[in-house]
Amino acid sequence: MLLLIILLIGCARSTLPKTDHMLASGDITTLSEPVDLTYRPCRLDFFHITRFEETDNAVSAEAETARPKGYHRLARGTIEATPSTAGLNWRLDVTRMEVNGHPTSHRQASLTTGRFLTDHRGQKSQWQISLPAYEDTGASRLFSPARLAGLKEDTRALADDLVPYRFEVPVRSGDRLLRIKAHALRQLLQRMGINRRPQDLMPGLDELVLAVEGWRPYQGRRILMASGEHQIEFDTDHPPQHHRLEVVAVYTIDEATSCPLTGFLHLDLQTTYLSYTRQAILRKEWGYQIVN
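Cut-offs applied
- Residues numbered from 1 in each chain as written.
- Predicted model: local features only at pLDDT ≥ 70, side-chain atom pairs only at ≥ 80, totals over all residues.
- Heavy atoms only, no water.
- pLDDT = per-residue confidence, 0-100.
- Helix = DSSP H or I, 4+ residues; strand = E, 2+ residues; numbered from the N terminus.
- Contact = heavy atoms within 4.5 Å.
- Phe/Tyr/Trp six-rings, centres within 6.5 Å; stacked < 30°, edge-to-face > 60°.
- Buried < 20%, exposed > 50% of the residue type's maximum accessible area, 1.4 Å probe, protein only.
- Lys NZ or Arg CZ within 6 Å of the ring centre and 35° of its normal.
- 1 Å grid on protein atoms, 1.4 Å probe; cavity = no way out; pocket = protein on both sides within 12 Å on 5 of 7 lines; lining within 4 Å.
- Points joined across faces, edges and corners; volume = space filled by probe spheres on them.
- Nonpolar A, V, L, I, M, F, W, Y, C, P; charged D, E, K, R; others polar.
- Salt bridge = Lys/Arg side-chain N within 4 Å of Asp/Glu carboxyl O.
- Pairing = 2+ DSSP bridges.
- Disulfide = S-S within 2.5 Å.
- Core = buried A, V, L, I, M, F, W, Y, C linked by side-chain atoms within 4.5 Å.
- Polar contact = N/O pair within 3.5 Å; in protein donor to acceptor, adjacent residues only side chain to side chain.
- Arc of directions from axis to C-beta.

Low-pLDDT portions of the prediction should not be read for the details of their coordinates. Put simply, the protein chain has an average pLDDT of 82, and 84% of its residues get 70 or more. Here strand β1 (residues 3-9) is the element of the protein chain with the lowest mean pLDDT, 28, and strand β6 (residues 112-118) is the one with the highest, 95. When the criterion is pLDDT under 50, residues 1-21 qualifies, and its contacts beyond four places in sequence or with other chains add up to 65 contacts.

Right, here's the structure in full:
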């Protein structure tokens, strides 16, 4: 049985973990007038980093030969939005990927390509996902159907990070702006032996809502900062364990173009059983460069 103990929702700015790519600095200015931030046609280069690390305080005689508990994945590519009658046509191409320092790419074809439609708020529909580097070259026969399906699902999750849904009203500081889907939360809970779905802990936890903080200067222009945070503590039985989960996200948008600039999602899960403590941290970071 899961026993929910504490739910705290607040601004992430005071507890934001350190991140390498948060480009903006300086004081935040609150929005004096409401701003309507919709997606516009664009072409962006992007990077997307996923880091996972797991630690515990157990002492093992085999510690020197134990497999590292973590991974690092970097995806690079382009994402483009062009006008359509209902909103925008999007194309997402992953052209390069590195997993624990081992690169994967193809000179003539994208690793994965995702096409989808959105309205100007980012509500997605009509998905088409292909794996050109695998399908066009015949290499797909070397991979299991489950592996190929996983690559396509990863593309959908990547698109949700890069193009999150923005709410349908103009916003001021403190208003809800957008939501980021924490796809990795379910896998993180399962890895720690917690098999209940995130919705069973708290409905909507796997979709973190970010609120507007305000404007911040960046290279002579203004960007909009938005953030959100959840903190939850709960117990599980068999064996009796106590868990503490923190979810923090930050997102920035360019004022002039309404294009996203950076995103950050931090999941921190700590489990305690008697004197044994285990911690798993998953961090996602992504950023963009406008292509002329």
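A separate point is the packing of aromatic side chains. This model, assessed by the stated rule, comprises five aromatic pairs. A ring pair is formed by Tyr165 and Phe167, whose centres lie 5.7 Å apart and whose planes are at 90°; its orientation type is edge-to-face. Taken individually, Tyr165 and Phe167 each receive the classification buried, so the pair is uniform in this respect. Three or more aromatic residues link up through ring pairs in this structure, and these residues are Tyr39, Trp90, Phe116 and Trp127. Lying across the ring of Tyr39, Arg166 places its NZ or CZ 3.8 Å from the centre. The ring of Trp215 is capped by Arg222, whose NZ or CZ atom sits 4.3 Å from the centre of that ring.

Considering only enclosed or pocket space, the largest pocket measures out at about 980 Å³ in volume. Among the elements that take part in the lining of the largest pocket, helix α2 (residues 145-162) stands out by supplying eight residues, more than any other. The class makeup of the residues in the lining of the largest pocket is 16 nonpolar, seven polar and eleven charged.

Turning our attention to the pattern of salt bridges. For the structure on display, the rule yields 18 salt bridges. Between Asp93 and Arg91 there is a salt bridge whose closest N-O contact spans 2.6 Å. Linked by salt bridges that have partners in common, Arg51, Arg283 and Glu285 make up one network.

This part covers the pairing of β6. Here is the key point about a regular strand: its side chains alternate between the two faces of the sheet. Counting buried positions along β6 gives six out of seven residues, so the element sits mostly inside the fold. Relative to strand β7 (residues 124-130), β6 is paired through five bridges, and the arrangement is antiparallel. Note that in β7 the partner of Gly114 across the bridge is Ile129. Hairpin connection of β6 to β7: five residues between the antiparallel strands, including Gly122 at a positive phi of 95°.

One can expect most non-glycine residues to show negative phi and most peptide bonds to be in trans. Of note in the backbone geometry, Ser258 takes a positive phi value of approximately 65° without being a glycine. Within the secondary structure, Ser258 sits in the loop between β12 (241-254) and β13 (260-273). Of note in the backbone geometry, Leu274 takes a positive phi value of approximately 55° without being a glycine. Tracing the sequence through the fold places Leu274 in the loop between β13 and β14 (276-290).

Such a bond, covalent and formed between the sulfur atoms of two cysteines, is termed a disulfide. Following the criterion strictly, the structure yields zero disulfides and no others. Cys42 forms no disulfide, and the closest cysteine sulfur to it belongs to Cys259, at a distance of 4.4 Å. Residue classification places Cys42 among the buried residues on the basis of a relative accessible area of 11%.

Generally speaking, soluble globular proteins have nonpolar side chains that are buried together. Counting residues in hydrophobic clusters, the biggest one holds 59 residues, and the most contacted among them are Trp90, Leu162 and Leu177. Excluding residues within four positions of it along the chain, Leu177 makes contact with Leu37, Tyr165, Arg166, Phe167, Val171, Leu210, Ala211, Val212, Leu224, Ala226 and Ile253. Core analysis: the second largest hydrophobic core is formed by seven residues, Ile28, Ile223, Val250 and Phe264 among them.

Structurally, the position occupied by Ser227 is in strand β11 (residues 221-236). Given the relative accessible area of 4%, Ser227 is considered buried. Within the structure, the side chain of Ser227 is placed 2.7 Å from the side chain of Glu213, a separation counted as a polar contact.

Topologically, Asp161 is positioned in helix α2. With relative accessibility at 0%, the residue Asp161 sits in the buried group. Separated by 3.3 Å, the side chains of Asp161 and Lys284 make a polar contact.

The next thing to look at is helix α3 (residues 184-191). Buried residues of α3: Ala184, Leu185, Leu188 and Leu189, and no others. Seen end-on, α3 carries its buried residues on one side only, within an arc spanning 135°. Backbone geometry just downstream of α3 places Gly193 in the positive-phi region, at approximately 80°.

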